[in-house]
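A closer look at the structure
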Amino acid sequence: MSEENISSNFIHKIIDEDIANGLSARIHTRFPPEPNGYLHIGHTKAIWINYSTAKKYGGLFNLRFDDTNPAKEGDEYVNAIQEDLAWLGITPYKICFGSDYFDECYEFAKVLIRKGLAFVCDLTGDEINEYRGTLTTPGKESPYRNRSVEENMDLFERMKNGEFPDGSKTLRAKIDMKSPNMNMRDPVIYRILRAHHHRTGDKWCIYPLYDFVHPIQDAMEEITHSLCDVDFENHRPLYEWVINNIDIKHTPKQREFAKLNITYTKIGKRYSKALIEQGIADGWDDPRLPTLRALRRRGYTPSALFNFVQLAGVAKATSLCDYGLLEHCMREELNTTAPRRMAVLDPIEVEITNMDEDEVVYFDVVNNPTVENPTSRKVPFTKHLYIEREDFSDNPPPKYQRMKLDHEVRFMSAFVVKCNEALYDENGNVTKLLCTIDRETAGCNPPDGRKIKGTIHWVSKKFAVDAEVRLYDNLFTCEDTGVINMDNFKDYINPDSLKIMKNAKLEPAMAEANCEDKFQFVRTGYFCVDIHDKNVINRIVTLKDSFKSGKPDSKSTGNS
RNA sequence: UGGGGCGUCGCCAAGCGGUAAGGCAGCGGACUUUGACUCCGCCAUUCGUUGGUUCGAGUCCAACCGUCCCAGCCA
């Protein structure tokens, strides 16, 4: 991403003010995923906002793993996250971990205790919840709230030394049990948890909570702007309380933006995780998932993803972005970058009756007409060909421009072909079309000036490359931001999220395609060679408005 | 019923007291050996509602309505 491409948003205005007021000499942001799952398109938005903001102001950007809950986190995820970030083309200034700061957090906790701002609490989890009160009723103070500094210091030290069982004690910030903000009702900042941490091993049996580590780490890394989603807005007072009370010079600023939502998509990692566990999705890279690995496998590019999140906008209002915008971004890029190829997904045979069995006519076909000096390739045309089953109709609707009986149609880049007869099987299905070519139309318009309306694509039977083409669609049918019940996923699953075309016939040039290569299958859409299997080709997006009549299911998002 | 956030075209979104940007989608039309692409044109007398302040309000004030988030020893 280049600086010129970064459009301004409300966060930049905040930063402009901070700079004008001398608050921020240089800008430093961070992307802080918890390593408990794989990155998804929602993270792309957070990455985009933090990274592009740093870039815009010539600042720094860190990747930070929020690994303060060893029960859920692990190396599998930290590795995957780094790989995905690298795929996005982003190199952080620094890669760090919440666990890098466990020693400092421990010391800062003692600072709070000494100041009388934290206490060791013996209440059980249930009791803490009870004492917390409700949204409308104030909480009441813990009976352990007024322990002496000395007792708290002693108890906290012994918590650290492993003298107490898991969950038996916590360290809590002493703030205000009557606060209307639940986060300020003496929040727990340390818990006893004997879990093996993926980085610190068994060194600790007490772990600080997010609300305590995050501000400390932001401050110690000299983060100037801690940009996160609006769910954390309620935590901002606590974030600031910690920074103001631990005696640290640097004061980072937390600001929030709205999360990304997309129609027919559930972005949160808990959804993907559940779909995989229930066997509905094949894994973190199932192309129907919104994870980065899935999107990559399906053929989406980092540039299109970044362009999409930027166009989707950075604001605070809850919004639901149309999936079509993502498709638009991908099409826009692929239109100028993807070589055109002919591929017949659902073949029906055509026999050219006025050609010899061994005759081969090679045509020069342009690879991409949108580039300045287009290159071309040779494509063989033979007596036996395949065309798309739906490109022929013996009962054509009005405005049908494709092949029909006794009519001529252009075989793209090749001859004008006339269909003389259709052969059927016992069930009435077309098995073969008998046609003739007009040899005067080889790669050009008919010399007699007659107009040929339709153009269809074709593949030589003799030279065809066999492949399996997979048409992926959005996994969900629901079009809202609502939470869905994960026990009943099936109620929301699009049954047509995967369609496999087993007998696809590709033009010979496709034999040289490599994994992740992207193409436009002319008149069909954009496709990508699957990362795992060169013989499998995945659809990225369809072309826009493919057919105005005769093809009602032409939209890729067929679940609306 | 407490607190906080947010409400501008079908979907996003600018706007920061001076008379509603832009993108997506859609609709016309031109072009076309991809019904693609490209190109032209159209698409909010109105900013959740109602009052108020002002010469002037989407922008300020008040009330109301709607919506999202918060009661993990998760992040």
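This text gives an overview of the structure that appears in the document. (Residues numbered from 1 in each chain as written. Chains lettered and ligands numbered in written order. Predicted model: local features only at pLDDT ≥ 70, side-chain atom pairs only at ≥ 80, totals over all residues. Heavy atoms only, no water.)

1. Remarks on empty space enclosed by the protein
Tallied over the entire structure, the rule returns 1 cavity of 30 Å³ or more. Counted as a void, the largest cavity has a volume near 140 Å³. In terms of lining, the largest cavity is formed by 17 residues, of which the most central are Thr265, Arg288, Leu289, Pro290 and Tyr323. Broken down by secondary-structure element, the contributors of at least two residues to the lining of the largest cavity are α10 (292-298) and α12 (323-337). When its residues are assigned to classes, the lining of the largest cavity shows 12 nonpolar, 2 polar and 3 charged. (1 Å grid on protein atoms, 1.4 Å probe; cavity = no way out; pocket = protein on both sides within 12 Å on 5 of 7 lines; lining within 4 Å. Points joined across faces, edges and corners; volume = space filled by probe spheres on them. Helix = DSSP H or I, 4+ residues; strand = E, 2+ residues; numbered from the N terminus. Nonpolar A, V, L, I, M, F, W, Y, C, P; charged D, E, K, R; others polar.)

2. Side note on the pattern of salt bridges
Pairs may arise between side chains of opposite charge once their charged atoms sit close together. Applying the stated criterion to the full structure yields 41 salt bridges. Arg293 is the salt-bridge partner of Asp84, the closest N and O atoms lying 2.9 Å from each other. With Asp84 in helix α3 (residues 75-87) and Arg293 in helix α10, this pair connects stretches of sequence that are 209 residues apart. Linking Asp480 and Lys266 is a salt bridge whose minimum nitrogen-to-oxygen distance equals 3.6 Å. With Asp480 in the loop between β21 (465-472) and β22 (498-506) and Lys266 in the loop between β9 (253-257) and α9 (269-277), the pair connects residues that are 214 residues apart, well separated along the chain. Residue classification places Asp480 among the partly exposed positions, given a relative accessible area of 36%. The network of salt bridges with shared partners includes Asp122, Arg147, Glu151 and Lys169. (Salt bridge = Lys/Arg side-chain N within 4 Å of Asp/Glu carboxyl O. Buried < 20%, exposed > 50% of the residue type's maximum accessible area, 1.4 Å probe, protein only.)

3. What to know about the protein's contact with RNA strand B
Around RNA strand B, a shell composed of 65 residues is seen, among which Lys13, Ala312, Arg340, Gly443 and Cys444 lie nearest. Take the atoms of RNA strand B that sit within 4 Å of the protein: sugar and phosphate atoms are 63% of them. Lys72 has a polar side-chain atom sitting 3.3 Å from a sugar or linking oxygen of RNA strand B. In this structure, a sugar or linking oxygen belonging to RNA strand B sits 2.9 Å away from a main-chain N or O atom of Leu320. Of all the elements in the fold, those that place two or more residues in the surface near RNA strand B are α5 (125-132), β6 (188-192), α11 (302-312) and α12. Among the residues making up the surface near RNA strand B, the classes are represented as 24 nonpolar, 23 polar and 18 charged. (Near = heavy atom within 4 Å. Polar contact = N/O pair within 3.5 Å; in protein donor to acceptor, adjacent residues only side chain to side chain.)

4. So, the state of the cysteines
Across all of its chains, the model carries 0 disulfides by this definition. A disulfide-free cysteine, Cys419 has its sulfur positioned 4.2 Å from the sulfur of Cys435, the nearest such atom. Left without a disulfide partner, Cys444 is nearest to the cysteine sulfur of Cys435, which lies 19 Å away. Residue Cys444 is classed as partly exposed on the basis of its relative accessible area, which comes to 34%. (Disulfide = S-S within 2.5 Å.)

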